[in-house]
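Each chain, letter by letter, is given below.
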Amino acid sequence: MVNETPMPAANSPADDSIRVMLVDDSAVVRGLVTRILEAEAGIKIAASVGNGQMALAALERNEIDVVILDIEMPVMDGMTALPKLLQIDPGLKVIMQSTLTLKGADISMRAMEMGAADYIPKPTATRDLAGGVDFKAELVGKIRALGMARRRDPKRPARPGGPPTPRATTAITPMPRVAIHAGPVQLRTQAAEPPDIIAIGSSTGGPQALFSLLGTMRAGTVSQPIVITQHMPATFTTILGEHISRVSGWEAREGQDGEVVRGGRVYIAPGDFHMVIETKGADKILRLNKNPPENFCRPAVDPMLRSIAAAYGKRVLACILTGMGSDGLKGGQAVVASGGTVIAQDEATSVVWGMPGAVASAGVCSAVLPLPEVAPWIMKLAARR
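Residues numbered from 1 in each chain as written. Predicted model: local features only at pLDDT ≥ 70, side-chain atom pairs only at ≥ 80, totals over all residues. Heavy atoms only, no water.

A. Just the overall build of the protein chain, in detail. Looking only at helices and strands, the protein chain features 11 helices and 14 strands. Accessible area of the protein chain: about 15,400 Å², with a carbon and sulfur share of 55%. (Helix = DSSP H or I, 4+ residues; strand = E, 2+ residues; numbered from the N terminus. Areas by Shrake-Rupley, 256 points an atom, 1.4 Å probe, with all protein chains shown as cover.)

B. Structural detail: the pattern of salt bridges. A complete count under the given rule lists 24 salt bridges for this structure. Measuring nitrogen to oxygen at the nearest pair gives 2.7 Å for the salt bridge that ties Arg-151 to Asp-65. Separated by 86 residues along the polypeptide, Arg-151 in helix 5 (residues 133–152) and Asp-65 in the loop between helix 2 (52–61) and strand 3 (66–70) bring together distant segments of the chain. Here the salt bridges do not stand alone but share partners, grouping Asp-16, Asp-65, Asp-89, Arg-150 and Arg-151 into one network. (Salt bridge = Lys/Arg side-chain N within 4 Å of Asp/Glu carboxyl O.)

C. Here's a closer look at the side chain of Glu-259. Structurally, Glu-259 can be placed in the loop between strand 8 (251–254) and strand 9 (265–268). Within the structure, the side chain of Glu-259 is placed 2.9 Å from the side chain of Arg-253, a separation counted as a polar contact. (Polar contact = N/O pair within 3.5 Å; in protein donor to acceptor, adjacent residues only side chain to side chain.)

D. Looking closely at the packing of helix 4 (residues 102–114) against helix 7 (residues 236–248). Between helix 4 and helix 7, the least distance of the axes is 9 Å, while the angle of their chain directions is 45 degrees. On the basis of their axis angle, the class for helix 4 and helix 7 is oblique. The element helix 4 and its partner helix 7 pack so that their crossing is right-handed. Contacts from Leu-102, Gly-104, Ala-105, Asp-106, Ser-108, Met-109, Arg-110 and Glu-113 of helix 4 reach helix 7 at Phe-236, Ile-239, Leu-240, His-243, Arg-246 and Val-247. Residues of the contact of helix 4 with helix 7, tallied by class, amount to seven nonpolar, three polar and four charged. (Axes fitted to C-alpha atoms, helices over the stretch in contact; angles between N-to-C directions. Parallel < 35°, antiparallel > 145°, perpendicular 65-115°, else oblique. Left-handed = near helix turned anticlockwise from the far one by under 90°. Contact = heavy atoms within 4.5 Å. Nonpolar A, V, L, I, M, F, W, Y, C, P; charged D, E, K, R; others polar.)

E. Looking closely at the sheet that holds strand 5 (residues 118–121). The five strands are arranged 2-1-3-4-5 in an open sheet whose pairing can be described as parallel. The open sheet has two edge strands, strand 2 (43–49) and strand 5, and neither has a second partner. Each strand of the sheet is rotated relative to its neighbour by a mean of 25 degrees, with strand direction disregarded. Helix-sheet contacts for helix 1 (residues 27–38) involve strand 1 (18–23), strand 2 and strand 4 (93–98), and the interaxial angle to strand 2 is about 165 degrees. (Pairing = 2+ DSSP bridges.)

F. Up close: the packing of aromatic side chains. Inspection of every chain in the model, using the stated rule, returns one aromatic pair. The ring of Tyr-119 carries Lys-142 above its face, with NZ or CZ at 4.5 Å from the centroid. The ring of Phe-273 has Lys-290 lying over it, and the distance from NZ or CZ to the ring centre is 5.0 Å. (Phe/Tyr/Trp six-rings, centres within 6.5 Å; stacked < 30°, edge-to-face > 60°. Lys NZ or Arg CZ within 6 Å of the ring centre and 35° of its normal.)

G. Representation of the nonpolar core in the model. Ranked by size, the top nonpolar core spans 64 residues in total, and within it Met-21 and Met-96 carry the most contacts. Examining the composition of this core, we find that seven residues originate from one element, helix 11 (residues 371–382), more than from any other. Once residues lying within four places of it in the same chain are set aside, the contact partners of Met-21 are Ala-47, Ala-55, Ala-58, Leu-59, Ile-64, Val-66, Val-67, Ile-68 and Leu-85. The next biggest cluster of nonpolar side chains, apart from the first, holds 32 residues, and it includes Ile-308, Ala-309, Tyr-312 and Val-316. (Core = buried A, V, L, I, M, F, W, Y, C linked by side-chain atoms within 4.5 Å. Buried < 20%, exposed > 50% of the residue type's maximum accessible area, 1.4 Å probe, protein only.)

H. Structural detail: the sheet that holds strand 9. Spatial ordering of the open sheet is given by 8-9-7-6-12-13-14, a layout of seven strands whose pairing is parallel. Two strands bound the open sheet, and with one partner strand each, they are strand 8 and strand 14 (367–369). Here the average twist between neighbouring strands, direction ignored, is 20 degrees. Sheet topology places strand 7 (residues 226–230) next to strand 9; three bridges connect them, and they run parallel. Looking at strand 9, one finds that Val-227 is bridged to Tyr-267. Across the sheet, helix 7 touches strand 7, strand 8 and strand 9, and the angle it forms with strand 8 is around 180 degrees.

I. Examining the pairing of strand 1 more closely. The element strand 1 is largely enclosed, with a buried count of six among its six residues. Neither face of strand 1 is open: one carries Ile-18, Val-20 and Leu-22, the other Arg-19, Met-21 and Val-23, and all of them are buried. Note that strand 1 and strand 2 share six bridges and pair parallel. Bridge pairing in strand 2 links Val-23 to Val-49. Between the parallel pair strand 1 and strand 2, the chain is carried across by helix 1, and the sense of this crossover is right-handed. Bridging between strand 1 and strand 3 involves four bridges; their strand directions are parallel. Of the residues in strand 3, the one forming a bridge with Val-23 is Leu-69. (Right-handed = clockwise from strand over helix to strand, strands pointing away.)

Encoded structure:
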């Protein structure tokens, strides 16, 4: 039987650490993640358990901000536990731990439809279990970003087992966010020209936002092509396209190098490739490349937006959705410089207001909208063509 690992005493009132629960039947994986996180200031392991049933019991007893949830476990697996955890605490941030396989990608995508905030590739024995830098950086970055988003949630409930531990407001160093505005966002005048293409950039929380956006903006309501860069590894972008097609009716799939861009279709940048557009005669052509990562990402939003601004000029509508970092800011500036339009998801509906916050506070946006209002705004502008 797998027992819950004893944790240190509850935080003191001055301790504002992000509290993490590890849920994995592998003691080796839990040990690796514990060692990584215990070395990070401002992050504390609040519970470490071996299956979903134990996670439910631990959540009732502990104040938790972020859960790292494995998928395949005995007694109760991650997909069974996920809705039960969110029922106890709807604001809980859950990161699914998934293998980089088609099956793992499909399950992770379904988990995000069910309310998981994000996913992280399961560490492998050949690289990550030896202390892989990429795994550590991704894990810590997502925990910090989601933990801070959790803290900013005004609807955060008291723990079922009692009130939350009193919290200070200065002890934690947040994940850096670029140019977050201190006052009202300064909006630009909307471009006069309707778009010939719609470009979307997203990262953490992006799949859920894309399902919602394209589910509302269903196939047939917009005639322009839609191009998407979502920060994801290979395999996951294939499954993302399949899920978008299922929930929205769009023909959504990974872009292929050299194909002509057609209206009424959704093209997704494949994992590990930048996707850009170039002009060839009267056609617009997709190109995939392995140029160096930008903003630590490949695919990245910036090169996609720069290429679209060059190819389409003022007839571009760019939309930046939830995500960590500032990818999309430089590309958004290129879109505006060419006469196009940029909009962003607002902070209240973003899982992480990094990418949309960066463009919003840089003064390049014509609108900063709650997610439910983004699709109607795009459809209204697109219909003017």
